[in-house]
Amino acid sequence: MKKIGLILFLIGALLIFGAGWIMPWFTSPVWSSAPPEQFEGTVWEAFGPIFMVMSFLPSAGILLIAIGTLLLGDSIKLHIWLYSIGIILVILSFLYPPTLGYYPLLFGIGGLFILVFFFAVLWYWAQNHRNLDDSTKTASVYQLIGYIFFFLIAMLLCTILGNPFSGLYFPEKVIEQNALPFHYSFGTKVLIYFVLAMFFTFLGQYKKAQQNKNNDSSVNR
């Protein structure tokens, strides 16, 4: 099962990397060279063949890499149904862009949930951190830093997308108020925070894996 998991993981990673990162280097210059209406009737049109390939392949890659991860972690029997439902919903959201309108109340309620869950994460992290061995506390701290950066990303995105006085809902106000540099800076910060969040989350998992390996070596001796 672990070999199958590794194969699925690698295939999923290749699909995501190829269609989600490499292809945009070639497609973005084309799409940014002319207005969208000039591509109508060609393979470059919105929701055309190229667009759908770039939407479908990363989505399929997410499903494969998720199942592969569960197999590698020997957790496929317990959580495959939950993971599959969640990933399928994510894929559908990629393939079929929603037609929801802008609801400030929804952002307010969602922001409240984010705050409550974030505070709960910090509280239980502190409770669990007390009981950890000194050797594993470093990995736990790295993961906490990753959580904090993810929270900062949520705050920035709420400002960019949920602001009823600016943001994407009123693009004309952004132009009138010369606020594009402000929004560009927020987008850059989101990117930087994502890199840091994923880095520290990875670092925590890496340190934990190294510690587990050291513990296994000690037991075998």
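This one's a predicted model, so the numbers in the text were calculated from it and none came from an experiment.

1. A closer look at the overall build of the protein chain
Reasoning step 1: What the protein chain contains, in helices and strands, is seven helices and zero strands.
Reasoning step 2: For the protein chain, buried positions account for 24% of its 221 residues.
Reasoning step 3: A separation of at least 24 residues holds for 71% of the contacts in the protein chain among residues at least 6 apart in sequence.
Reasoning step 4: Here the protein chain displays about 15500 Å² of accessible surface, and carbon together with sulfur accounts for 72% of that area.

2. Regarding the packing of helix 1 (residues 2-31) against helix 2 (residues 49-72)
Reasoning step 1: Viewed as axis vectors pointing N to C, helix 1 and helix 2 meet at an angle of 155 degrees, and their least axial separation amounts to 7 Å. By the criterion of interaxial angle, the relationship of helix 1 to helix 2 is roughly antiparallel. Read as a crossing pair, helix 1 and helix 2 show a hand that is left-handed.
Reasoning step 2: The class makeup of the residues in the contact of helix 1 with helix 2 is 25 nonpolar, seven polar and one charged.

3. Things to note about the packing of aromatic side chains
Each aromatic ring pair is specified by the distance between its two centres and by the angle formed by the two planes.
Reasoning step 1: A complete count under the given rule lists 12 aromatic pairs for this structure.
Reasoning step 2: Between Trp 31 and Trp 44 the ring centres are 6.0 Å apart and the planes differ by 85 degrees, which places this aromatic pair in the edge-to-face class. Of this pair, Trp 31 sits in helix 1 while Trp 44 sits in the loop between helix 1 and helix 2; the two residues are 13 residues apart in sequence, bridging distant segments of the chain.
Reasoning step 3: Between Phe 118 and Phe 119 the ring centres are 6.3 Å apart and the planes differ by 50 degrees, which places this aromatic pair in the tilted class.
Reasoning step 4: The class for Phe 118 is buried, based on a relative accessible area of 13%.

4. Brief notes about the packing of helix 4 (residues 104-130) against helix 5 (residues 134-162)
Reasoning step 1: Remark: helix 4 packs on helix 5, axes separated minimally by 11 Å, with the N-to-C direction vectors making an angle of 170 degrees. In terms of orientation, helix 4 lies roughly antiparallel with respect to helix 5. From helix 4, Phe 107, Ile 114, Leu 115, Phe 118, Val 121, Leu 122, Trp 125, His 129 and Arg 130 reach across to helix 5, where they touch Lys 137, Ser 140, Val 141, Leu 144, Tyr 147, Ile 148, Phe 151, Ala 154, Leu 161 and Gly 162.
Reasoning step 2: Classifying every residue of the contact of helix 4 with helix 5 by side-chain character gives 14 nonpolar, three polar and two charged.

5. Quick look at the nonpolar core
Reasoning step 1: Phe 149, Ile 153, Leu 156, Ile 160, Phe 186, Val 190, Ala 197, Phe 200 and Leu 203 form the largest nonpolar core, which has nine residues in total.
Reasoning step 2: Secondary structure elements with two or more residues in this core: helix 5 and helix 7 (180-220).
Reasoning step 3: Top contributing element to this core by residue count: helix 7, with five residues.

6. Here we look at helix 5
Reasoning step 1: The first and last C-alpha atoms of helix 5 sit 42 Å apart over 29 residues, in line with the 42 Å expected at 1.5 Å per residue.
Reasoning step 2: Of all the residues in helix 5, the buried ones are Ala 139, Ser 140, Gln 143, Leu 144, Gly 146, Phe 149, Phe 151, Ile 153, Ala 154, Leu 156, Ile 160 and Gly 162.

7. Here's the deal with the side chain of His 129
Reasoning step 1: For His 129, the position within the fold is in helix 4.
Reasoning step 2: By relative accessible area, which is 14% here, His 129 ends up buried.
Reasoning step 3: Every residue in contact with His 129, bar those within four places of it in the chain, is listed here: Lys 137, Ser 140 and Val 141.

8. Quick word on the environment of Glu 45
Reasoning step 1: Position of Glu 45 among the secondary structure elements: in the loop between helix 1 and helix 2.
Reasoning step 2: Classification of Glu 45 by relative accessible area gives partly exposed; the value is 28%.
Reasoning step 3: The spacing of Glu 45 and Trp 31 is 14 residues in sequence and 8.9 Å in space, taken between C-alpha atoms.
Reasoning step 4: When near neighbours in sequence (up to four residues on either side) are disregarded, Glu 45 contacts Phe 39, Glu 40 and Phe 51.

Cut-offs used in this document
Along each chain, the written sequence defines residue order, and numbers are assigned to residues from 1. Residue-level local features of this predicted model are given only where pLDDT is at least 70; pairs of side-chain atoms are given and counted only at 80 or more, and the full residue set underlies all totals for whole chains, interfaces and linings. With hydrogens and water excluded, all non-hydrogen atoms of the structure serve as input to the side-chain values. Only DSSP runs of H or I with at least four residues qualify as helices, and only runs of E with at least two residues qualify as strands; both kinds are numbered from the N terminus onward. Working definition: with a 1.4 Å probe on protein chains only, accessible area under 20% of the residue-type maximum means buried, over 50% means exposed, and in between means partly exposed. Note on contacts: a residue pair qualifies if any of its non-hydrogen atoms lie within 4.5 Å across the two residues. Accessible areas in this description were obtained via Shrake-Rupley with a 1.4 Å probe; residue shielding takes into account the shown protein chains only. To define axes, lines are fitted to C-alpha atoms, for helices over the stretch in contact only, and angles between the resulting N-to-C directions are given on a 0 to 180 degree scale. Reported orientations rely on four angle classes, namely roughly parallel under 35 degrees, roughly antiparallel over 145, roughly perpendicular from 65 to 115, and oblique for the rest. Helix crossings fall into two classes, left-handed where the near helix is turned counterclockwise from the far one by less than a right angle and right-handed where it is turned clockwise. Each residue is assigned to one class: nonpolar for Ala, Val, Leu, Ile, Met, Phe, Trp, Tyr, Cys and Pro, charged for Asp, Glu, Lys and Arg, and polar for all the others, Gly among them. Think of it this way: a Phe, Tyr or Trp ring, Trp meaning its six-membered ring, pairs with another when their centres are within 6.5 Å, and the plane angle makes it stacked under 30 degrees, edge-to-face over 60, tilted otherwise. Among buried residues, the Ala, Val, Leu, Ile, Met, Phe, Trp, Tyr and Cys ones that are joined through side-chain atoms within 4.5 Å form a nonpolar core. One less than the residue count of a helix, multiplied by 1.5 Å, gives the span that helix is expected to have.

That's the geometry; what it means functionally is another story.
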